[in-house]
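Survey of secondary and tertiary structure
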Amino acid sequence: MTDRLDPTEEYDGTVTVRLLDDDEGVDELTCSSFREAIGKIKTHMDAVTAAKIVDRDDEVVFTSREMNIEDWEREWHRAKRSLSVDIDEHDCPHDNVACFADDRCVECRMDRVQEQFRRAE
């Protein structure tokens, strides 16, 4: 008998594409990356009722019922790019937690435009 603890969860590091068809049911495709999952969604999109991408934590991150795959792909690339870039710290004067140096909130953008008009006068 051993005194070691066995893991309670298994993690395979994969992303899943779920293709839902009213006639055929649900088909799950295993992908090794989001890039591969996006490709499979684009390939099968016209043949199914709905498609979903499920991440490694078993959360649905894309559903064709709510968004367009091209729009989601652009946002995914933007988010991936901003994670790999050093971003200057930015303290939003409006206390908006979603305001970043490279992606300002609406209030900060309006402040910037107003400031440009003041300088032009």
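Everything that follows concerns the structure shown earlier in this document.
About the cut-offs
- Residues numbered from 1 in each chain as written.
- Predicted model: local features only at pLDDT ≥ 70, side-chain atom pairs only at ≥ 80, totals over all residues.
- Heavy atoms only, no water.
- Helix = DSSP H or I, 4+ residues; strand = E, 2+ residues; numbered from the N terminus.
- Buried < 20%, exposed > 50% of the residue type's maximum accessible area, 1.4 Å probe, protein only.
- Core = buried A, V, L, I, M, F, W, Y, C linked by side-chain atoms within 4.5 Å.
- Contact = heavy atoms within 4.5 Å.
- Pairing = 2+ DSSP bridges.
- Phe/Tyr/Trp six-rings, centres within 6.5 Å; stacked < 30°, edge-to-face > 60°.
- Salt bridge = Lys/Arg side-chain N within 4 Å of Asp/Glu carboxyl O.

**Description of the side chain of T16**
Positionally, T16 belongs in strand β1 (residues 15–21). On the accessibility criterion, T16 (16% relative accessible area) is buried.

**Quick notes on the nonpolar core**
Formed by 16 residues in total, the largest nonpolar core has its most connected members in V17, I41, I53, I69 and W72. Elements with a minimum of two residues in this core: β1, β2 (25–31), α1 (34–44), β3 (50–54) and α2 (69–83). With four residues, the single largest contributor to this core is α1. Those residues in contact with W72, other than ones at most four positions away along the chain, are F34, I38, I53, V61, F62 and M67.

**A few points about the pairing of strand β4 (residues 60–63)**
Pairing of β3 with β4, which is carried by three bridges, proceeds in the antiparallel orientation. Bridge pairing in β4 links V54 to V60. The hairpin formed by β3 and β4 contains five residues between the paired strands, and D58 there has a positive phi angle of roughly 65 degrees.

**Section: the packing of aromatic side chains**
Scanning the entire structure with this criterion turns up three aromatic pairs. Where F34 meets W72, the ring centres are 6.2 Å apart and the plane angle is 50 degrees; that geometry is what we call tilted. Taken together, the positions of F34 in helix α1 and W72 in helix α2 put the pair 38 residues apart, joining distant regions of the chain. No difference in accessibility class separates F34 from W72, as the two residues are buried. Taken together, a centroid distance of 5.8 Å and an interplanar angle of 55 degrees make the contact between F62 and W72 tilted. Of this pair, F62 sits in strand β4 while W72 sits in helix α2, placing them 10 residues apart in sequence. Across the pair, exposure class does not vary: F62 and W72 are buried alike. Of the aromatic side chains, those joined through ring pairs into one cluster are F34, F62, W72 and W76.

**Side note on the pattern of salt bridges**
The tally for this structure, following the rule as stated, stands at eight salt bridges. E28 serves as the salt-bridge partner of R18, at 2.9 Å between the closest nitrogen and oxygen. Highlighted residues: R18 in strand β1 and E28 in strand β2, separated in sequence by 10 residues. Residues D71 and R74 are paired through a salt bridge, measuring 2.3 Å at the closest nitrogen-oxygen approach. Residue D71 and its partner R74 are located together in helix α2, separated by three residues, close to a single helical turn. Judged by its relative accessible area of 52%, R74 is exposed. Through salt bridges with shared partners, a single network forms among R18, E28 and D58.

Shape is all these values report; function is a separate question.
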